[in-house]
Amino acid sequence: MSSPVPTYTQATIEAAMGNALIEAAAAAEHGDVPVGAVLLDASGAVVGLNHNRREELGDATAHAEMLVISERSKSLGHWRLEGHTLVVTLEPCAMCAMAAVWARVDRIVYGAADLKAGAVWSLFNIPQDERLNHFVEVVAGVREAECRSLLENFFAAKR
């Protein structure tokens, strides 16, 4: 039986997104799409921080979300992340959304929607698909303008 979804103040969630934005900027510095992720434990403490590292590591699976989930699981010595919240600047893709479900993350919080690859709401709703064995609460649009601006500026510079 899973534990109740942790509750945090809005300030805690917004601060976590601030950390995710700092991580996203680090990804851009390495030439990767600026996506940052933060993992909070049940008390609201930051227990994971990372950013996209696909270019840096030459690994298509090195998305910010995958990295924080993997690092936290290793540090705990098990894969179940009940009581955790994943905070990410961009709506997770199908791979990352499914990883959150498999890891039993309780909540996903994201900033900007991803209309081309989002699998939390925009194209698919993997975390809340009733056919799966775990339901993930979703909160969208936290510091959305800042998250979207970082992405738009990154892609504008590429053109």
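In case you missed it, the structure is sitting above this.
Calculation criteria
Residues numbered from 1 in each chain as written. Predicted model: local features only at pLDDT ≥ 70, side-chain atom pairs only at ≥ 80, totals over all residues. Heavy atoms only, no water. Helix = DSSP H or I, 4+ residues; strand = E, 2+ residues; numbered from the N terminus. Rg over C-alpha atoms; globule rule 2.2 N^0.38 Å. Contact = heavy atoms within 4.5 Å. Lys, Arg positive; Asp, Glu negative; His and termini not counted. Charge placed at Lys NZ, Arg CZ, Asp CG, Glu CD. Core = buried A, V, L, I, M, F, W, Y, C linked by side-chain atoms within 4.5 Å. Buried < 20%, exposed > 50% of the residue type's maximum accessible area, 1.4 Å probe, protein only. 1 Å grid on protein atoms, 1.4 Å probe; cavity = no way out; pocket = protein on both sides within 12 Å on 5 of 7 lines; lining within 4 Å. Points joined across faces, edges and corners; volume = space filled by probe spheres on them. Nonpolar A, V, L, I, M, F, W, Y, C, P; charged D, E, K, R; others polar. Pairing = 2+ DSSP bridges. Axes fitted to C-alpha atoms, helices over the stretch in contact; angles between N-to-C directions.

> Help me get a handle on the overall build of the protein, residues and values and all.
The helix and strand inventory of the protein stands at five helices and five strands. Starting at the N terminus, the α and β elements of the protein follow one another as α-β-β-α-α-β-α-β-β-α. On C-alpha atoms alone, the protein measures out to a radius of gyration of 14 Å, which is about the 15 Å that the 2.2 N^0.38 rule sets for 159 residues. Each principal axis of the C-alpha atoms in the protein carries an extent, and together these give about 50 × 30 × 30 Å. Partitioning the contacts of the protein with sequence separation of at least 6, the portion at a separation of at least 24 is 59%. Once the 13 positive and 20 negative side-chain charges of the protein are each reduced to a mean point, those two points are 3 Å apart.

> Go over the nonpolar core with me, naming the residues and quoting the values.
Formed by 39 residues in total, the largest nonpolar core has its most connected members in Met17, Leu40, Ile69, Leu86 and Val87. At the level of elements, helix 1 (10–29), strand 1 (36–40), helix 3 (64–76), strand 3 (85–90), helix 4 (94–102), strand 4 (107–112) and helix 5 (144–158) are the ones that each hand at least two residues to this core. Excluding residues within four positions of it along the chain, valine 87 makes contact with Ala16, Met17, Ala20, Gly36, Ala37, Val38, Leu40 and Val109.

> Describe the layout of surface pockets, naming the residues involved and giving the relevant values.
Empty space within the largest pocket amounts to approximately 530 Å³. Lining the largest pocket we find 20 residues, and of these Val33, Leu90, Asp114, Leu151 and Phe155 sit closest to its centre. Considering every element that reaches the lining of the largest pocket, the biggest residue donor is helix 5, with four residues. Its residues assigned to classes, the lining of the largest pocket shows eleven nonpolar, two polar and seven charged.

> Lay out the sheet that holds strand 3 in plain terms, naming residues and giving numbers.
In any sheet, the strands associate via hydrogen bonds between backbone groups, in a parallel or an antiparallel arrangement. Across the sheet, which stays open at both edges, the five strands sit in the order 2-1-3-4-5 with mixed pairing between neighbours. Edge positions in the sheet fall to strand 2 (46–51) and strand 5 (137–140), since each of these pairs with one other strand and no more. Strand after strand, the sheet turns through a mean of 15° between neighbouring axes, direction not considered. Inspection of the sheet shows strand 3 paired to strand 4 by five bridges, in the parallel sense. For threonine 85, the partnering residue across the bridge sits in strand 4 and is arginine 107. Along the sheet, helix 5 makes contact with strand 3 and strand 4, crossing strand 4 at roughly 60°.

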